[in-house]
Amino acid sequence: QVQLAESGGGLVQAGGSLRLSCAASGLTFSRTSVGWFRQAPGKEREFVAGRRWNGANTYYSDYADSVKGRFTVFIDSTMETVYLDMTNLNPGDTAVYYCALRYGSPLTPATTENLYKHWGQGTQVTVSS
């Protein structure tokens, strides 16, 4: 069965950086789409960033306006681990971060939450002032 496992969350000061990982078992990310979402207490879960692969060497990226220029999605050479590189963090970034996977056309943007079939358990990111 396909499973996703997030790691790398923790406590960081405002202005700092953090790298989250999402490791897949049961498949590689080739010809899939991965989305990063986050949820703060009392808030709806929201899209953060995503990447869509059409094979190993063609891909498309999506970023929420709130993280453009600060967050970056990339993948390792085996296509089994996806990373979210977060820089210039602020307290508004405090949330539980989730990795999710969907199938279907890589031409469909990564932003629609209900299209994702598999979800990780989440990892807590806390940014202090």
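The structure we're discussing is the one just above.
Residues numbered from 1 in each chain as written. Predicted model: local features only at pLDDT ≥ 70, side-chain atom pairs only at ≥ 80, totals over all residues. Heavy atoms only, no water.

### Points about the overall build of the protein chain
1) Next: Check the secondary structure of the protein chain and you find 0 helices and 11 strands.
2) Next: In the protein chain, the succession of helices and strands from N to C terminus is β-β-β-β-β-β-β-β-β-β-β.
3) Next: Here the C-alpha radius of gyration of the protein chain, 14 Å, is about what a compact globule of 129 residues would show, namely 14 Å.
4) Next: With respect to the principal axes defined by its C-alpha atoms, the protein chain has extents near 40 × 25 × 25 Å. (Helix = DSSP H or I, 4+ residues; strand = E, 2+ residues; numbered from the N terminus. Rg over C-alpha atoms; globule rule 2.2 N^0.38 Å.)

### Some words on the nonpolar core
1) Next: Ranked by internal contacts, the top residues of the largest apolar core, which has 34 residues, are Phe29, Trp36, Leu84, Met86 and Tyr97.
2) Next: Elements that contribute at least two residues to this core include exactly strand E3 (18-25), strand E4 (33-39), strand E5 (46-53), strand E7 (71-75), strand E8 (81-86), strand E9 (95-102) and strand E11 (123-128).
3) Next: With residues up to four places along the chain from it excluded, the contact list for Tyr97 reads Glu6, Leu20, Phe37, Arg38, Val48, Phe71, Leu84, Met86, Gly122, Thr123 and Val125. (Core = buried A, V, L, I, M, F, W, Y, C linked by side-chain atoms within 4.5 Å. Buried < 20%, exposed > 50% of the residue type's maximum accessible area, 1.4 Å probe, protein only. Contact = heavy atoms within 4.5 Å.)

### Topic: the packing of aromatic side chains
1) Next: Scanning the model with the defined rule gives 7 aromatic pairs in all.
2) Next: Note on Tyr116 and Trp119: the rings are 6.2 Å apart at their centroids and 65° apart in plane angle, and the pair reads as edge-to-face.
3) Next: Overall, Tyr116 belongs to the buried group, its relative accessible area being 7%.
4) Next: Since its relative accessible area comes to 27%, Trp119 is described here as partly exposed.
5) Next: Above the plane of the ring of Tyr98 lies Arg45, whose end atom (NZ or CZ) is 4.9 Å from the centre.
6) Next: For the cation-ring pair, Arg102 lies above Tyr116, with the distance from its terminal atom to the ring centre recorded as 5.8 Å. (Phe/Tyr/Trp six-rings, centres within 6.5 Å; stacked < 30°, edge-to-face > 60°. Lys NZ or Arg CZ within 6 Å of the ring centre and 35° of its normal.)

### Topic: the pattern of salt bridges
1) Next: As enumerated under the stated definition, the model contains 7 salt bridges in all.
2) Next: A salt bridge links Glu113 to Arg45, with the nearest nitrogen and oxygen atoms 2.8 Å apart. You can see Glu113 sitting in the loop between E9 and strand E10 (118-119) and its partner Arg45 sitting in the loop between E4 and E5, a full 68 residues away along the chain.
3) Next: Notably, a salt bridge pairs Asp65 with Lys68, separated by 3.2 Å at the nearest N-O pair.
4) Next: Relative accessible area serves as the criterion here: at 66%, Asp65 is assigned to the exposed category.
5) Next: The structure contains a network of salt bridges with shared partners spanning Arg38, Glu46, Arg70 and Asp93. (Salt bridge = Lys/Arg side-chain N within 4 Å of Asp/Glu carboxyl O.)

### A look at the pairing of E8
1) Next: Summarising the sheet, E3 and E8 pair through 6 bridges and their orientation is antiparallel. Counted as the bridge partner of Leu18 is Met86 from E8.
2) Next: Relative to E8, E7 runs antiparallel, the two sharing 5 bridges. If you follow Phe71 over to E8, its bridge partner there is Met86. (Pairing = 2+ DSSP bridges.)

### Focus on unusual backbone geometry
1) Next: Backbone geometry places Arg31, a non-glycine residue, at a positive phi of 65°.
2) Next: Locating Arg31 in the fold gives a position in the loop between E3 and E4.

### Digging into the sheet that holds strand E1 (residues 3-7)
1) Next: Overall, antiparallel pairing links the 4 strands, which are arranged E1-E3-E8-E7 in an open sheet. Each of the sheet's edge strands pairs with one partner strand only, and the pair in question is E1 and E7. With strand direction ignored, the average angle separating the axes of adjacent strands in the sheet is 15°.
2) Next: Bridging between E1 and E3 involves 5 bridges; their strand directions are antiparallel. Residue pairing in the sheet places Ala5 in a bridge with Ala23 of E3. (Axes fitted to C-alpha atoms, helices over the stretch in contact; angles between N-to-C directions.)

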